[in-house]
Amino acid sequence: MSRYRTHLFLCTNERPADHPRGSCKARGAEPLLEIVKEEAKKAGVPGPFRANRSGCLDACESGPVLAVYPEGVFYTVRNREEIARVMVEHLVGGTIVRDLVISDPPRGS
Ligand code: FES
């Protein structure tokens, strides 16, 4: 049994500016965690709910990356509007936001 009904992980990993894969921090992830929390509250995401920053989730080229568990869906979220859509459509409405889903397999697989 999960401790949380919904557990989100936002990658805020940072790499050197010339790294070939880039990083979520370089793509603007850092301020998004507070927005995730704000939009979750605004949307009424059912709890227990938790949102944490994370290290690299191996989808760097598609960042900033937001992973949603227990479903294991990985999203690209670039701004408040996209985060709000994930909260309202997926976490409240139960419908995966297909146009924001990262579908590429992990590079390590
Ligand atoms: S740096 Fe964010 S997924 Fe790799």
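Everything quoted here is computed from the prediction, not taken from an experiment.

Visitor: I'd like a description of the side chain of Glu82, backed by residues and values.
Guide: With respect to the secondary-structure elements, Glu82 resides in helix 2 (residues 80–92). Contacts of Glu82, omitting those with residues within four sequence positions, involve Thr76, Val77 and Leu100.

Visitor: How would you summarise the packing of aromatic side chains if you had to cite specific residues and measurements?
Guide: Overall, the coordinates contain one aromatic pair when judged by the stated rule. Seen from their ring centres, Phe9 and Tyr69 are 6.0 Å apart, and the 75° between their planes marks the pair as edge-to-face. Highlighted residues: Phe9 in strand 1 (residues 6–11) and Tyr69 in strand 3 (residues 65–69), separated in sequence by 60 residues. Residue class for Phe9 comes out partly exposed when judged on its relative accessible area of 24%.

Visitor: I'd like a rundown of the pairing of strand 3, residues and numbers included.
Guide: Here strand 3 lies mainly inside the structure; four of its five residues are buried. With four bridges connecting them, strand 1 and strand 3 associate as antiparallel partners. Of the residues in strand 3, the one forming a bridge with Phe9 is Ala67. Here strand 3 pairs with strand 4 (residues 73–76) via four bridges, running antiparallel. Looking at the pairing, Leu66 lines up with Tyr75 of strand 4. Counting the residues in the hairpin turn of strand 3 and strand 4 gives three residues, including Gly72, whose phi is positive at 75°.

Rules of the game
- Residues numbered from 1 in each chain as written.
- Predicted model: local features only at pLDDT ≥ 70, side-chain atom pairs only at ≥ 80, totals over all residues.
- Heavy atoms only, no water.
- Helix = DSSP H or I, 4+ residues; strand = E, 2+ residues; numbered from the N terminus.
- Contact = heavy atoms within 4.5 Å.
- Phe/Tyr/Trp six-rings, centres within 6.5 Å; stacked < 30°, edge-to-face > 60°.
- Buried < 20%, exposed > 50% of the residue type's maximum accessible area, 1.4 Å probe, protein only.
- Pairing = 2+ DSSP bridges.

From the geometry alone we can't say anything about function, so treat these as descriptive.
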